[in-house]
Amino acid sequence: MNKKVSIIFSLIVLSLVILLIYSQNKYNRSPVEYQINIETADINLKDVHLVKFNNAIYLGANYYIEQKGQYQKVDGLNIKGTIDNVLVLDVAAGGNPFEGQQNNPVRYLGEGGIFNKVKISDDTLFKVHIVYTVDHVKKEYFENLKLSDYRKKLVN
């Protein structure tokens, strides 16, 4: 009987050690950063930073758009980006976002945010949909970006 108790106790301790090691590995993973720049025919979306940690995504603030053509009138801009069917990028700007900025046609957009329970792997797609009007002509841009192509190396 004493040997049986000793074996059961050893199995319980071994199970707890394995569980502890697994949980430490799961929750202490290094974050992964993705830096994305998107070019359409008329505008560029720059410095979209996504940081993955555990099962969450952080969208960094201070991403911006810049106009390619100096004399075009951009209007009604709408940018959406999804990962794993979660809307992580959602920006709309009515009117001309570059109005009054002829010398430096740049406009900083939304704020950052945290999105929980987003699953990312090497094959995860960031689906981008941009709708805007240039000189009264409606344009749409779609692209599925493979996040692993935009992975940024972290410096230790």
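For the structure itself, consult the block above.
Anyway, here's the lowdown on the structure attached to this text.

1. A look at the overall build of the protein
(1) Moving on: When you go through the protein residue by residue, the secondary structure sums to 1 helix and 11 strands.
(2) Moving on: For the protein, the proportion of its 156 residues judged to be buried stands at 33%.
(3) Moving on: For the protein, the exposed area adds up to about 10,400 Å²; of that, 52% sits on carbon and sulfur atoms.

2. Focus on a nonpolar patch on the surface
(1) Moving on: Together, Ile8, Ile12, Leu16, Leu19 and Tyr22 make up a nonpolar patch on the protein surface, roughly 530 Å² of accessible area in all.
(2) Moving on: With relative accessibility at 52%, the residue Tyr22 sits in the exposed group.

3. Let's talk about the sheet that holds strand β10 (residues 137-146)
(1) Moving on: Reading across from one edge, β6-β5-β9-β10 is the order of the 4 strands in this open sheet, with antiparallel pairing throughout. Every other strand in the sheet has two partners, leaving β6 (86-93) and β10 as the edge strands with one partner each. Averaged over all neighbouring strand pairs, the angle between strand axes comes to 10°, with direction disregarded.
(2) Moving on: Bridge count between strand β9 (residues 125-134) and β10: 10 bridges; the pairing is antiparallel. Each bridged residue has a counterpart across the sheet, and for Tyr132 the counterpart in β10 is Lys139.

4. Description of the side chain of His49
(1) Moving on: With respect to the helices and strands, the residue His49 is situated in strand β2 (residues 43-53).
(2) Moving on: Within polar-contact distance, the side chain of His49 engages the side chain of Glu33 at 2.6 Å.
(3) Moving on: Once residues lying within four places of it in the same chain are set aside, the contact partners of His49 are Glu33, Tyr34, Gln35, Tyr58, Leu59, Gly60 and Lys152.

5. Thoughts on the nonpolar core
(1) Moving on: Leu45, Leu50, Ile79, Phe126 and Ile130 are the most contacted members of the largest nonpolar core, which totals 32 residues.
(2) Moving on: Excluding its chain neighbours within four sequence positions, the residues that come into contact with Ile130 are Ile38, Thr40, Ile43, Leu77, Asn78, Ile79, Lys139, Glu140 and Tyr141.

6. Details of the pattern of salt bridges
(1) Moving on: Going through the model one piece at a time under the given rule, you end up with 6 salt bridges.
(2) Moving on: In this structure, the salt-bridge partner of Lys68 is Glu39, at a minimum N-O distance of 3.7 Å. With Lys68 in the loop between β4 (64-67) and β5 (74-83) and Glu39 in strand β1 (residues 32-39), this pair connects stretches of sequence that are 29 residues apart.
(3) Moving on: Overall, the relative accessible area of 38% leaves Lys68 in the partly exposed class.

7. Remarks on unusual backbone geometry
The phi angle of most residues is negative, glycine excepted, and most peptide bonds adopt the trans form.
(1) Moving on: Phi angles above zero are rare outside glycine, and Asn85 is one such case at about 60°.
(2) Moving on: By secondary structure assignment, the location of Asn85 is in the loop between β5 and β6.
(3) Moving on: Although it is not a glycine, His136 sits at a positive phi angle of roughly 70°.
(4) Moving on: Looking at where His136 falls in the secondary structure, it is placed in the loop between β9 and β10.

8. What about the environment of Arg107?
(1) Moving on: Secondary-structure assignment places Arg107 in strand β7 (residues 106-108).
(2) Moving on: Residues Arg107 and Ile65, spaced 42 residues apart in sequence, show a C-alpha to C-alpha distance of 5.4 Å.

Parameters at a glance
- Residues numbered from 1 in each chain as written.
- Predicted model: local features only at pLDDT ≥ 70, side-chain atom pairs only at ≥ 80, totals over all residues.
- Heavy atoms only, no water.
- Helix = DSSP H or I, 4+ residues; strand = E, 2+ residues; numbered from the N terminus.
- Buried < 20%, exposed > 50% of the residue type's maximum accessible area, 1.4 Å probe, protein only.
- Areas by Shrake-Rupley, 256 points an atom, 1.4 Å probe, with all protein chains shown as cover.
- Patch = residues over 30% accessible without salt bridge, like charges linked within 9 Å, V, L, I, M, F, W, Y side chains within 5 Å.
- Salt bridge = Lys/Arg side-chain N within 4 Å of Asp/Glu carboxyl O.
- Pairing = 2+ DSSP bridges.
- Axes fitted to C-alpha atoms, helices over the stretch in contact; angles between N-to-C directions.
- Polar contact = N/O pair within 3.5 Å; in protein donor to acceptor, adjacent residues only side chain to side chain.
- Contact = heavy atoms within 4.5 Å.
- Core = buried A, V, L, I, M, F, W, Y, C linked by side-chain atoms within 4.5 Å.

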